[in-house]
Amino acid sequence: MTKVYFSEMYGTSENNNMPSKVRKLYDALKFDEKIEKGNQVAIKLHFGEKGNTTYMHPVAVRQVVDKIKEKGGKPFLTDTNTLYSGSRTNSVDHLMTAIENGFAYAVTNAPIIIADGLYSQNSVDVDIGKKHFSSVKIGGEIFHSDAMFVLSHFKGHSLSGFGGAIKNMAMGCAAASGKQQQHSDVKPTIDKELCIGCGRCKVNCPVEAIDLVERKAEIDDEICYGCGECVTVCPVKPVRAVSIEWDSASDIFLEKMAEYAYGSIKNKMEKVGFITFVRDITPLCDCCGWSGKPLAPDVGILASTDPVALDRACYDLVCEKVGYDPFAREHKNVDGKILMEYGEKIGLGKQDYILKQI
């Protein structure tokens, strides 16, 4: 079984604070043995949307950067541009958002390179030969890096149930065209009895697929490509007026994500490491311009060389902490466990793990 290393969230001394915990977890993975002097090492993370405050902490990122530099590697921070409209839809805005959110060189000791170029046109077709995709479109600078370290924030997600290391690679390493491929089966629908005609979904739709007709939102399915942004911005509570017509699309979407995650590391399977923060377990992704009330208390920091085992351990620990599955309760029509089950099936990793406390 795969080893997943675990550290409590909170420190008790200067030798047991968050930065030291990250360094100890990094050492436990023996990532130094995976890189050589001069290797270009991508540090994959999510810089957070403007207004969001629960993304990966820059001080934690600095610990990994310094460790890689001590070995002689050349680390750079990276992500890809978003499919939806927002503060990270092109590289200029993305870089500005990252810096404003605390990821300046002076803080992290590493440059930022947006992996898919100015307008997400820098991608490489990676052959994977899986059920849904024969090849996937991965951000060029992620593909060309010699090794990759994935830093993730574990939280809920409206389309996948939860987001961890696999989601970080699947959506986060794909060029915009790849993100669109993954979302192609996801179609939102409007409940007109619940719709209040506020127009937020119309304003935020990146492809102008939504219009207001008689003060009710309508979606043009011929234009919509399923990014799901309308779902996250709908203010109607507790049941949103915009929802996903899942049927079988949920399973397909999760399987597509697993295939993209596989493609993101196919050329460097033995040169990848993962650390995930299970804290601020918000209902939605850090792509939202706000941070919602956590679904569960903070759990800790976990690390592994296997993204499937890591996500499984994070998921299990959260459910154990609260005594039920908060992701299934929050996102009722999504079974996020399919992502891990299918990931194991295609060789991305294994669900069986041994938890070792650091």
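See the structure above.
Attention here is on the structure that accompanies the text. (Residues numbered from 1 in each chain as written. Predicted model: local features only at pLDDT ≥ 70, side-chain atom pairs only at ≥ 80, totals over all residues. Heavy atoms only, no water.)

### What about unusual backbone geometry?
As a reminder of what qualifies: Secondary structure elements are defined from DSSP: runs of H or I of at least 4 residues count as helices, runs of E of at least 2 residues count as strands, and each element is numbered from the N terminus.
For the peptide bond that leads from Lys237 to Pro238, omega is 5°, which places it in the cis range. Counting through the fold element by element, Pro238 comes out in the loop between α9 (229-233) and β13 (242-244). At Lys30, a position not held by glycine, the phi torsion is positive, near 55°. One can find Lys30 in the loop between α1 (18-28) and β2 (40-44). Phi is positive for Asp280, which is not a glycine, with a value near 45°. Looking at the secondary structure, you find Asp280 in the loop between β14 (272-278) and β15 (300-304).

### With respect to the side chain of His331
As a reminder of what qualifies: Any residue under 20% of the maximum accessible area for its type is buried, any over 50% is exposed, and the rest in between are partly exposed; the area is computed with a 1.4 Å probe on protein chains only. The contact definition used throughout considers only heavy atoms, calling two residues in contact when any of these lie within 4.5 Å.
Within the secondary structure, His331 is located in the loop between α12 (326-330) and α13 (337-345). Residue His331 is classed as buried on the basis of its relative accessible area, which comes to 7%. Excluding anything up to four places from it in sequence, His331 contacts Gly156, His157, Ser158, Gly161, Pro283 and Leu284.

### Examining the packing of helix α10 (residues 249-265) against α13
The condition is simple: Every axis corresponds to a line fitted to the C-alpha atoms, with the helix fit spanning only the stretch in contact, and the corresponding angles, defined between N-to-C directions, vary from 0 to 180 degrees. Note on terminology: angles under 35 degrees are roughly parallel, angles over 145 are roughly antiparallel, angles of 65 to 115 are roughly perpendicular, and the others are oblique. Note: crossing handedness is left-handed where the near helix turns anticlockwise from the far helix by less than a right angle, and right-handed where it turns clockwise.
Direction vectors running N to C along α10 and α13 enclose 50°, while the axes themselves pass 8 Å from each other. What the angle tells us is that α10 and α13 run oblique. Note that α10 runs across α13; the crossing there is right-handed. Contacts between α10 and α13 involve Asp251, Leu254, Glu255, Met257, Ala258 and Glu259 from the first element and Ile338, Leu339, Tyr342 and Gly343 from the second.

### Considering the packing of aromatic side chains
This is how the line gets drawn: Pairing of aromatic rings covers Phe, Tyr and Trp, the last through its six-membered ring, and needs centres within 6.5 Å; plane angles under 30 degrees mean stacked, over 60 mean edge-to-face, and all others mean tilted. Criterion for a charge above a ring: Lys NZ or Arg CZ within 6 Å of the ring centre, and within 35 degrees of the ring normal.
Counting across every chain of the model gives 11 aromatic pairs. Ring geometry for Phe154 against Phe327: centres 5.7 Å apart, planes inclined by 85°, an arrangement best described as edge-to-face. Residue Phe154 is found in the loop between β7 (147-153) and β8 (155-157), and its partner Phe327 is found in helix α12; the two are separated by 173 residues along the sequence. Centroid distance Phe162 to Phe327: 6.3 Å. Interplanar angle 50°. Geometry classified as tilted. Of this pair, Phe162 sits in strand β9 (residues 161-163) while Phe327 is found in helix α12, placing the two residues 165 residues apart along the sequence. Given the relative accessible area of 0%, Phe162 is considered buried. With a relative accessible area of 2%, Phe327 lands in the buried category. In this arrangement the basic side chain of Lys130 is found over the ring face of Tyr262, its NZ or CZ atom lying 4.3 Å from the centre. The residue whose ring lies beneath Arg329 is Tyr324, and the NZ or CZ to ring-centre distance is 3.8 Å.

### Considering the nonpolar core
Quick reminder of the rule: Only buried residues count toward a nonpolar core, which is a set of Ala, Val, Leu, Ile, Met, Phe, Trp, Tyr and Cys residues joined through side-chain atoms within 4.5 Å.
Counting residues in each nonpolar core, the largest one holds 74 residues, and the members touching the most others are Phe154, Met169, Val278, Leu302, Val318, Phe327 and Leu348. Sorting elements by how many residues they give to this core places helix α11 (residues 307-322) first, with 9 residues. Membership of the second largest hydrophobic core comes to 33 residues, among which are Val41, Ala60, Val65 and Ile275.

### Considerations on the sheet that holds β15
The cut-off we apply is this: Pairing between strands is defined by DSSP: at least two bridges between them are needed.
Overall, mixed pairing links the 8 strands, which are arranged β4-β3-β2-β7-β14-β15-β1-β16 in an open sheet. The open sheet terminates on both sides in strands that have one partner only, identified here as β4 (112-114) and β16 (353-357). Each strand axis lies, on average, 25° off the axis of its neighbour in the sheet, ignoring direction. As paired strands, β7 and β14 are joined by 6 bridges and run parallel to one another. Directly across from Ser152, in β14, lies its bridge partner Thr276. The sheet contacts of α1 involve β1 (2-8), β7, β14 and β15, and relative to β1 the element is tilted by about 170°. Against the sheet, helix α2 (residues 58-70) engages β2, β3 (74-79), β7 and β14, with an angle of about 145° to β3.

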